[in-house]
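Observations on chain architecture
What follows is the residue order along each chain.
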Amino acid sequence: MATEPPPLARSLTLRVLIVDDEVSVRKVMAAVLAQLGLPCETAASGVEALHILETHRIDAVISDLQMPGMSGMELLEKVKQIYPQMVFLMVTGVDDIRVGVQAMRQGADDYLVKPLQVDANIVLASLTRALHVKRLEQEVENYRHHLEEIVAEQTQQLREALRQIERSYDHTLEVLGAAIDLRDSPTAGHSRRVFLYSIEIAKAMGGLENQMRNIAMGAWLHDIGKLAIPDTILLKPGPLTDEERENMQRHAQIGYDLVKGIPFLADAAEIIFAHHERCDGSGYPRGLRKEEIPAGARIFAVADTFDAMTSDRPYRRALPFETSREVIARGAGTQYDSQVARIFLNTPDETWEVIRRETAAIQAFAFATASDIQALGKPVKSGG
């Protein structure tokens, strides 16, 4: 044996547990570790070894393979289950590499061969290699955890950035809706009212929770195409000529073309495109029928008719709620979706009156607040 610990030994701070049923082997190994300056404990069996591991700080185990009772392989299995980061060296009396390889396959970090004709350098080299591997594994594990923390933090930052973008989008929608109402000043507040009417009907229908936001945005921007319609047609106080009516009807296609390329408005664009379709195919621009019309557009058709009839227009005064109810009731199944019409007709007039009062109280052009639209991205209970 070496008379002085090799330089590498000075950098090791391992406490080693020697497990062997032979006293002589334990003494020899303890002497080797003493030459290395490594403190150690000894155990005569696997059971005793497990007890020592429970009560002492141990960094490495050097265990014999063949022992009565619990074998070295069985001890290895238990140690790896309880102390996965523990360094474990197997000592075998069989000079066969296959035994050592099998032990390493089952979790051992290295193996030594009996008879222990070894010096401190050999034991130290084996411990050093095993410790180095363990440290690398720990560094990888620490890096993985750190990476997970970084990913989680960056994911949170990304989510917050997306929320900021979403809020910016919704504020942009406010301005667009206000611009539409400002452009068509005789119907001021129309966009917000049909937005709120449509959401009220959609909630009562149930099953549309995931579509609420798209329905809201489609209703809010349904008339965006009117920004391209000349004032002489849009604000004309009297009936439109056939040519003027055809020009006015282009606003559905224009509005769809304006927003269809915006990813977060793609579904809302379909409502904008179909908001003048009718269940009997008499609508425009495509003459869609029944289920061909998006659910949001079928809801909007009722909300729009109701608001159009109960609001002042350049050519007439607002009509009573009861008159609009009669019109929608007569049109159920033809112009209007039967289920949507039924939900609307079963809703008390007070509900619609509250929306009208609140809308009128907000401001002249009745902005929809971004928070209203953002709230629709959250789960909504049906029937609310």
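Scroll up to find the structure.
A brief look at the structure comes next. Since we're looking at a predicted model, the values are computed, not measured.

Conventions we followed
- Residues numbered from 1 in each chain as written.
- Predicted model: local features only at pLDDT ≥ 70, side-chain atom pairs only at ≥ 80, totals over all residues.
- Heavy atoms only, no water.
- Helix = DSSP H or I, 4+ residues; strand = E, 2+ residues; numbered from the N terminus.
- Buried < 20%, exposed > 50% of the residue type's maximum accessible area, 1.4 Å probe, protein only.
- Areas by Shrake-Rupley, 256 points an atom, 1.4 Å probe, with all protein chains shown as cover.
- Axes fitted to C-alpha atoms, helices over the stretch in contact; angles between N-to-C directions.
- Parallel < 35°, antiparallel > 145°, perpendicular 65-115°, else oblique.
- Contact = heavy atoms within 4.5 Å.
- 1 Å grid on protein atoms, 1.4 Å probe; cavity = no way out; pocket = protein on both sides within 12 Å on 5 of 7 lines; lining within 4 Å.
- Points joined across faces, edges and corners; volume = space filled by probe spheres on them.
- Core = buried A, V, L, I, M, F, W, Y, C linked by side-chain atoms within 4.5 Å.
- Pairing = 2+ DSSP bridges.

Once that is clear, we can look at the overall build of the protein. When its secondary structure is counted, the protein shows 16 helices and 5 strands. In the protein, which comprises 384 residues, the proportion classed as buried is 44%. Just so you have it, the protein exposes about 19,400 Å², and 54% of that area is on carbon and sulfur atoms.

What follows is about the packing of helix α6 (residues 190–205) against helix α14 (residues 338–345). For any two helices packed against each other, the geometry is given by the interaxial angle and the distance between the axes. Where α6 contacts α14, the axes come no closer than 10 Å and their chain directions differ by 105°. As judged from the angle between their axes, α6 and α14 are roughly perpendicular. Contacts between α6 and α14 pair Ile201, Ala204 and Met205 from the former with Gln339, Val340, Ile343 and Phe344 from the latter.

This part covers empty space enclosed by the protein. Under the defined criterion, the tally for this structure stands at 1 cavity of 30 Å³ or more. Put simply, the largest cavity is a space of about 40 Å³. Of all the secondary-structure elements, those providing two or more residues to the lining of the largest cavity are β1 (16–19), α1 (23–36) and β3 (60–64). It is β3 that contributes the most residues to the lining of the largest cavity, 3 residues altogether.

Below, the discussion takes up the nonpolar core. Ranked by size, the top nonpolar core spans 44 residues in total, and within it Ile201, Ile299 and Trp352 carry the most contacts. Broken down by secondary-structure element, the contributors of at least two residues to this core are α6, α7 (212–220), α10 (251–259), α11 (266–274), α12 (295–309), α13 (321–331), α14 and α15 (349–362). Look past the residues within four positions of Trp352 in its chain and what remains in contact with it is Tyr197, Glu200, Ile201, Phe306, Phe321, Arg325, Phe344 and Thr347. Grouped together as the second largest cluster of nonpolar side chains are 21 residues, Ile52, Met67, Met86 and Ala108 included.

Spatial strand order, β2-β1-β3-β4-β5: 5 strands in an open sheet with parallel pairing. At either margin of the open sheet sits one strand with a lone partner, and together these are β2 (40–43) and β5 (110–113). Sheet twist, expressed as the average angle between the axes of neighbouring strands with direction ignored, equals 20°. Where β3 meets strand β4 (residues 87–92), 5 bridges bridge the pair, whose relative direction is parallel. Following the sheet pairing, Val61 is matched in β4 by Phe88. Across the face of the sheet, helix α2 (residues 46–55) comes into contact with β1, β2 and β3 while running at roughly 145° to β2. Along the sheet face, helix α3 (residues 72–82) touches β1, β3 and β4 and points at about 175° away from the line of β4.

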